[in-house]
Amino acid sequence: MPPHSDYGLLTLLLQDEVQGLQIQYEGKWATVEPLPDSLVVNIGDHLEIFSNGKYRSLIHRVLVNPSKSRISIASLHSLPFNSVVQPSPKLINEDNPRRYMDTDFASFLDYSSSSESQRKSFLESRKLT
Ligand SMILES: O=C(O)CCC(=O)C(=O)O
Ligand SMILES: [Fe+2]
């Protein structure tokens, strides 16, 4: 799976013991070691926007293991399609200005079909600064 961030609030991921998932951290790829009987909880774009950037929606990818097959189940959790996501007013003040535009599913669909989406991720396109 190519590099991407998850669109929604949270993703719960169950992976088997085969490595493959990697996150981009400080410009480098780091493998997320599979832990038995555990879920990976990944923060999505909506939570980054709602937290005004306090929580980060990381870029991740999945590498294909040449010798073993890997099974993962991702459960993506988000808001209803017509809900508007915006930074929580409680997190905005003089020292921490609003950093993201209002976002909803329609703006995501519009952006995904635009030529700009080839150059910049949806999350990047919602940033004000
Ligand atoms: O298979 C995985 O480990 C991750 C899948 C994923 O990134 C996704 O479904 O958004
Ligand atoms: Fe993902």
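Identification of the chain as Fe2OG dioxygenase domain-containing protein from Castanea mollissima is taken from an unreviewed UniProt entry.

1. Focus on the coordination of the iron ion (ligand 2)
Here the iron ion (ligand 2) is held by H4 (NE2), D6 (OD) and H60 (NE2), and the distances to it run 2.1 to 2.2 Å. Positions of the donor residues of the iron ion (ligand 2), expressed as sequence spacing, correspond to H-x1-D-x53-H. Residue D6 is located in the segment before β1 (10-15), and its partner H60 is located in strand β5 (residues 60-62); the two are separated by 54 residues in the primary sequence. On the basis of relative accessibility, which here comes to 8%, the residue D6 falls in the buried class. Here H60 falls in the buried class, since its relative accessible area comes to 7%.

2. Overview of a nonpolar patch on the surface
Taken together, L10, L14, L39, V41, I71 and I73 make up a surface patch of nonpolar side chains, about 560 Å² in accessible area. Relative to the assigned elements, I73 resides in strand β6 (residues 72-77).

3. Description of the UniProt feature "domain: Fe2OG dioxygenase" (unreviewed entry) in the chain
The sites that carry the UniProt feature "domain: Fe2OG dioxygenase" (unreviewed entry) are, in the present numbering, residues 1-79. Taken as a whole, residues 1-79 contains 8% helix and 35% strand, while its terminal C-alpha atoms sit 24 Å from one another.

The rules behind each value
Residues numbered from 1 in each chain as written. Chains lettered and ligands numbered in written order. Predicted model: local features only at pLDDT ≥ 70, side-chain atom pairs only at ≥ 80, totals over all residues. Heavy atoms only, no water. Donors = N, O, S within 2.8 Å, 3.2 Å for Na, K, Ca; no water. Helix = DSSP H or I, 4+ residues; strand = E, 2+ residues; numbered from the N terminus. Buried < 20%, exposed > 50% of the residue type's maximum accessible area, 1.4 Å probe, protein only. Patch = residues over 30% accessible without salt bridge, like charges linked within 9 Å, V, L, I, M, F, W, Y side chains within 5 Å. Areas by Shrake-Rupley, 256 points an atom, 1.4 Å probe, with all protein chains shown as cover. Salt bridge = Lys/Arg side-chain N within 4 Å of Asp/Glu carboxyl O. UniProt positions renumbered as here; feature names shortened; annotations may be inferred.

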